[in-house]
Amino acid sequence: MAEGGCTKTEEEEEQSTEEDSQSYHGTGICKWFNVRMGFGFLSMNTREGEPLDAPVDVFVHQSKLHMEGFRSLKEGEAVEFTFKKSSKGLESVRVTGPGGVQCVGSEKRPKGKSTQKRRSKGDRCYNCGGLDHHAKECKLPPQPKKCHFCQSVAHMVANCPIKAQQSSSGSQGKPSPLKGEEEDQSHFPVPSETTD
């Protein structure tokens with residue numbers, strides 16, 4: 001025997017390893033589940049068919065859930081499970097819904113992992129200027145090219161006189177639509193008025 005502690009006999013060690021590898025059956029509910037981290041705890045109410053005086057916590061990892069798709073549990077969801085004793089406590093081995101059906105799961109999803117691709121707010125269709133699609137998805141035929149700064153069809157942004165004027169005066173930003181309209185009109189001949 002070591003000083004300050006006790007040692008297990010070989011027989012006791014064999015029994016403890018048998019207990020660690022042995023699995024048990026329990027029923028209960030999901031106490032809580034973190035969908036982002038993929039784990040939580042079950043609150044066990046019965047063990048091997050016998051009701052417990054007080055609920056016991058059992059660790060659950062999403063990899064042990066019997067379900068398809070994104071695996072999670074909803075708080076309060078009824079579950080059946082097999083579990084084992086480990087050095088960390090009680091851990092679930094397999095978790096199902098009542099009667100062995102698939103788990104229902106939480107409707108929550110981790111933030112930042114959406115199933116749809118999000119477009120940034122600045123994305124536009126280069127063909128028509130629409131915000132809800134890109135040029136390769138545009139339903140309109142090819143549109144005339146425009147200056148990205150003032151929307152004039154007479155020149156491109158590299159030759160934009162309004163942008164050059166604003167950058168030389170030190171101000172930044174887009175011009176008002178009125179300036180863009182004036183620019184568009186200055187490049188086209190204006191019909192002269194005839195008086196009779």
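Residues numbered from 1 in each chain as written. Predicted model: local features only at pLDDT ≥ 70, side-chain atom pairs only at ≥ 80, totals over all residues. Heavy atoms only, no water.

Some thoughts on the pattern of salt bridges
It is possible for side chains of opposite charge to pair when their charged atoms get near one another. This is how it is decided: We define a salt bridge as a contact between a side-chain nitrogen of Lys or Arg and a carboxyl oxygen of Asp or Glu at a distance within 4 Å. In DSSP terms, a helix is any run of H or I states spanning at least four residues, a strand is any run of E spanning at least two, and both are numbered starting from the N terminus. Buried residues are those whose accessible area, probed at 1.4 Å on protein chains only, stays under 20% of the maximum for their type, while exposed residues exceed 50% and partly exposed ones sit between those limits.
With the rule as written, the count across this model stands at 2 salt bridges. Put simply, D57 and K31 hold a salt bridge, and the shortest N to O gap is 3.0 Å. Of this pair, D57 sits in strand β3 (residues 50–61) while K31 is found in strand β1 (residues 23–34), placing the two residues 26 residues apart along the sequence. Using a relative accessible area of 39% as the deciding quantity, one classes K31 as partly exposed. Measuring nitrogen to oxygen at the nearest pair gives 3.6 Å for the salt bridge that ties E107 to K74. With E107 in the loop between β5 (89–96) and α2 (161–169) and K74 in the loop between β3 and β4 (78–86), this pair connects stretches of sequence that are 33 residues apart. Under the relative-accessibility criterion, E107 is labelled exposed at 58%. Owing to a relative accessible area of 37%, K74 belongs among the partly exposed residues under this scheme.

Here's the deal with unusual backbone geometry
Residue E48 is not a glycine yet carries a positive backbone phi of 55°. Along the polypeptide, E48 turns up in the loop between β2 (39–47) and β3. Given a relative accessible area of 47%, E48 falls into the partly exposed group. The phi dihedral of Q151 falls on the positive side, at around 70°, and the residue is not glycine. Inspection of the secondary structure puts Q151 in the loop between β5 and α2.

Here's the deal with the pairing of β2
Note the threshold: Strands pair, by our definition, only if DSSP identifies at least two bridges between them.
Pairing of β1 with β2, which is carried by 8 bridges, proceeds in the antiparallel orientation. In the strand pairing of β2, C30 is matched with L42. Bridge analysis of β2 against β3 gives 8 bridges, and the strand direction is antiparallel. Each bridged residue has a counterpart across the sheet, and for F41 the counterpart in β3 is F59.

Some thoughts on the pairing of β4
On a regular strand, one side chain projects to one face of the sheet and the next to the other, so that they alternate. Strand direction decides the pairing type here: β1 and β4, joined by 7 bridges, are antiparallel. What sits directly across from G26, in β4, is F81. Bridge analysis of β4 against β5 gives 7 bridges, and the strand direction is antiparallel. Following the sheet pairing, E80 is matched in β5 by T96.

A look at the UniProt feature "domain: CCHC-type" (unreviewed entry) in the chain
Going by this rule: UniProt positions are given in the numbering used here, feature names are shortened, and annotations may be inferred rather than shown by experiment.
The UniProt entry lists residues 124–139 under the feature "domain: CCHC-type" (unreviewed entry), expressed in the numbering used here. For residues 124–139, the helix share is 0%, the strand share is 0%, and the end-to-end C-alpha distance is 14 Å.

With respect to the environment of L52
Condition: Here, two residues are considered to be in contact whenever any of their heavy atoms come within 4.5 Å of each other.
Following the sequence through the fold, L52 ends up in strand β3. Once residues within four sequence positions are removed from consideration, L52 is found in contact with M44, N45, T46 and R47.

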